[in-house]
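Spelled out, the chains give:
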Amino acid sequence: MIIKFKLNGKEIVKDVPVHKRALDFLRDDLGVLSIKEGCGEGECGACTILVDGKNIHSCLMLAVELDGKEVLTVEGLKDKTIQNAFVEAGAIQCGFCTPGFIISTKALLNENKNPSSEEIKEALEGNLCRCTGYLKIEEAVKLAVKMYNKGSDKK
Amino acid sequence: MIKNYFRPKTIDELSELKLKTKGYLFSGGTDLFVKLRAGTIDTDTVIDTKYLNSRKIEITGNKLFIPINATYSELRMFIKQNNVNNMLENIVKTIGSPMIRNRGTPVGNISNASPAGDFVLASYLFNAQVIIEPTSRKLPVKNFIKGPGKIDLRENEFVYGIELEILNDYKFYFEKVGRRNAMIISIASLGLLLKEKDNKIKDIRIAFGSVAPYILRDENLEKSLIGETINEELFKHIAIEYQKLSSPITDVRATKEYRKSLVHNLVIKAYNNLFEKVVKE
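Residues numbered from 1 in each chain as written. Chains lettered and ligands numbered in written order. Predicted model: local features only at pLDDT ≥ 70, side-chain atom pairs only at ≥ 80, totals over all residues. Heavy atoms only, no water.

S.K.: Looking at this model, I keep getting lost on the packing of helix α10 (residues 232–245) of chain B against helix α11 (residues 256–275) of chain B. Mind explaining?
M.R.: Helix-helix packing: each pair is described by the crossing angle between the helix axes and the interaxial distance. Residue and element names in this part refer to chain B. Their axes nearest at 8 Å, the elements α10 and α11 cross at an angle of 155°. Here α11 runs roughly antiparallel to α10, going by the angle between their axes. Here the hand of the crossing between α10 and α11 comes out right-handed. Residues E232, F235, K236, I238, A239, I240, Y242, Q243 and K244 of α10 touch α11, and the partners they reach there are K260, S261, V263, H264, V267, I268, Y271 and F275. (Axes fitted to C-alpha atoms, helices over the stretch in contact; angles between N-to-C directions. Helix = DSSP H or I, 4+ residues; strand = E, 2+ residues; numbered from the N terminus. Parallel < 35°, antiparallel > 145°, perpendicular 65-115°, else oblique. Left-handed = near helix turned anticlockwise from the far one by under 90°. Contact = heavy atoms within 4.5 Å.)

Here it is in structure tokens:
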């Protein structure tokens, strides 16, 4: 089936088999390597992508469902604030889960410019990290908020 | 393996496809794709309902209508913005994770008819009516769900939406017991709605999830409580009665004995949280 969608700002038209998952299509066919298969059943969040502004699991989505959508992965993030905050806060160890966390953080900050600890935890509850223990990830989100606020002060 | 993928746009088209292909309907796929992967469902045909031209989430009279394809996230936004059945937010936010709530739907949860379905519990509490097309049948959720995974649906029919009562001035308590906060299937859950007048019960609705093959709600017992004075004694009575009515199983999540204790203790905890000044954890 031929689908047409936007990936990181670029228009894509492709013929995809109907059984193919969005995860496999994006990673294997289009080379989006930030998204990974962890559990394959919507538990771990390593395959998280942003579809029309909402974070979803690409492992629980068919490629054909991308038709007409706007998809964002970390490869397409022009503003590196969230990534920088994760690095600065030491919220990364092995890095396997990190793109998923960054996309979920992006989804949160799109809707909520000043989230509480509680809201951060809820927004990231679908992403698992086996290295950092989550505290530094929470700090990273708070740091990103701080960086954004500083940025808007200057303007 | 999926070989056929359909996107029906009208009720009739969807109904005919379902009848003809015996394919599986999906909206968010948060349940179907997990089962396909695990091999508990095997089909070569899936029907994507998201292209169906359907009604939106809306308030009609004293009912809240939730259509097919409306996600948990959309429902949560709607109840917040319209200040209607706010209690539902406590249930919805415990379902899955943000990614699941961005795709999963209440209609899907009800169609799966799991006794652990959190929105199934919500629909029992709010006396939901299930709206079925293309036959335009409408029936109470407790009649629609026949048992674990069993629903009253003919081969050409599908659930078009659900209608919940809009309730005001109710005290509400919901708790889901599980091993962590996100992504859990409940070991046991309790939802309780209570309207009081002069410290007496005017209306009460109590529903448990995961402690019987169906959502446990006993309307006769509820009726017998109307007019009773609200105190710890009364809630001890309620706790014991529901403990008797529950018939949990032992599974990978917990033993039946543990679930039985939870039925009792959740009722007492609900009382403490709603009526005692000092909340005991």
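Having seen it, we continue.
S.K.: What is the right way to read the nonpolar core from this model?
M.R.: Inside soluble globular proteins, nonpolar side chains tend to come together where they are buried. Core analysis: the biggest nonpolar cluster contains 51 residues, and L64 and F119 of chain B have the highest contact counts within it. In terms of residue count, the dominant contributor to this core is helix α7 (residues 118–125) of chain B (six residues). Apart from residues lying up to four places away in sequence, F119 of chain B is in contact with I66, Y72, L75, L88, V92, I95, P106, N109, I110, I162 and L164 of chain B. Formed by 34 residues, the second largest nonpolar core is a distinct cluster that contains I3, L23 and M61 of chain A together with I41 of chain B. (Core = buried A, V, L, I, M, F, W, Y, C linked by side-chain atoms within 4.5 Å. Buried < 20%, exposed > 50% of the residue type's maximum accessible area, 1.4 Å probe, protein only.)

S.K.: How should the side chain of S54 of chain B be read in this particular structure?
M.R.: All names here are of chain B. Tracing the backbone shows S54 in the loop between β3 (45–48) and β4 (58–60). Judged by its relative accessible area of 15%, S54 falls in the buried class. Those residues within four positions of S54 in sequence are excluded, and the remaining contacts are P67, I68 and Y160.

S.K.: Explain the pattern of salt bridges to me, please; I cannot follow it from the model alone.
M.R.: Two side chains that carry opposite charge are able to pair once their charged atoms sit near each other. Using the criterion set out here, one finds 33 salt bridges over all chains in the structure. We note a salt bridge from E37 of chain A to R21 of chain A, for which the minimum N-O separation is 2.7 Å. One end of the pair, E37 of chain A, is in the loop between α1 (22–29) and β3 (48–51); the other, R21 of chain A, is in the loop between β2 (10–15) and α1, and 16 residues separate them in sequence. Exposure remark for R21 of chain A: the relative accessible area of 17% places this residue in the buried category. The closest approach of N and O atoms between K142 of chain B and E219 of chain B, which form a salt bridge, is 3.0 Å. (Salt bridge = Lys/Arg side-chain N within 4 Å of Asp/Glu carboxyl O.)

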